[in-house]
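Here are the chains, one letter per residue:
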Amino acid sequence: MNFEQAVRTVLSRALVFEGRAPRAEYWWWVLAYLLVLLIASGIDGMLFGGAQILSSLASLALLLPTLAVAVRRLHDRGLTGWWVLLGLIPLLGSLILIFIFVQPSESETNAYGPPPIR
């Protein structure tokens, strides 16, 4: 899966919290998300004096697709989507989630479906 395929997949499945997302899909989406926020932040600095208006709107617009792909990635590891709530624990929760997200996909069918096509 390349960058474009990952972004298209995540955006087309923005409200789908079922199924599985491979590691590449998740991490390409994270890169796209960070690029959008970086560009929006730069535009905010030029147009609004750093008021973070555009970057806040971009974050809000991409919240559901980001949450959905994170839940599908957890499913790919055989975990329930509720594990995403670990992100609410400052620092430690995010570190645990990153550790989970970098792990390889389960190669067998699990409770959330067959392994995604890579």
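Residues numbered from 1 in each chain as written. Predicted model: local features only at pLDDT ≥ 70, side-chain atom pairs only at ≥ 80, totals over all residues. Heavy atoms only, no water.

Engineer: Break down a nonpolar patch on the surface for me, citing the residues and quoting the values.
Structural biologist: A cluster of nonpolar residues, Met1, Phe3, Trp28, Leu31, Leu35, Leu38 and Ile39, forms a patch on the protein surface that exposes about 620 Å² of accessible area. In terms of residues, the nonpolar patch owes the most to one element, helix H2 (residues 23-47), which gives five residues. A relative accessible area of 33% places Phe3 in the partly exposed class. (Patch = residues over 30% accessible without salt bridge, like charges linked within 9 Å, V, L, I, M, F, W, Y side chains within 5 Å. Areas by Shrake-Rupley, 256 points an atom, 1.4 Å probe, with all protein chains shown as cover. Salt bridge = Lys/Arg side-chain N within 4 Å of Asp/Glu carboxyl O. Helix = DSSP H or I, 4+ residues; strand = E, 2+ residues; numbered from the N terminus. Buried < 20%, exposed > 50% of the residue type's maximum accessible area, 1.4 Å probe, protein only.)

Engineer: Please set out H2 residue by residue, giving values where relevant.
Structural biologist: In this model, H2 (25 residues) spans 36 Å end to end at C-alpha, consistent with the 36 Å of a helix rising 1.5 Å per residue. Taken residue by residue, H2 has Glu25, Tyr26, Trp29, Val30, Ala32, Tyr33, Leu37, Ala40 and Asp44 as its buried positions. Buried residues along H2 sit in contact with helix H1 (3-12), helix H3 (53-61), helix H4 (63-76) and helix H5 (92-102). Trailing H2 by a residue or two, Gly49 shows a phi angle of about 65 degrees, which is positive. (Expected span 1.5 Å × (residues − 1). Contact = heavy atoms within 4.5 Å.)

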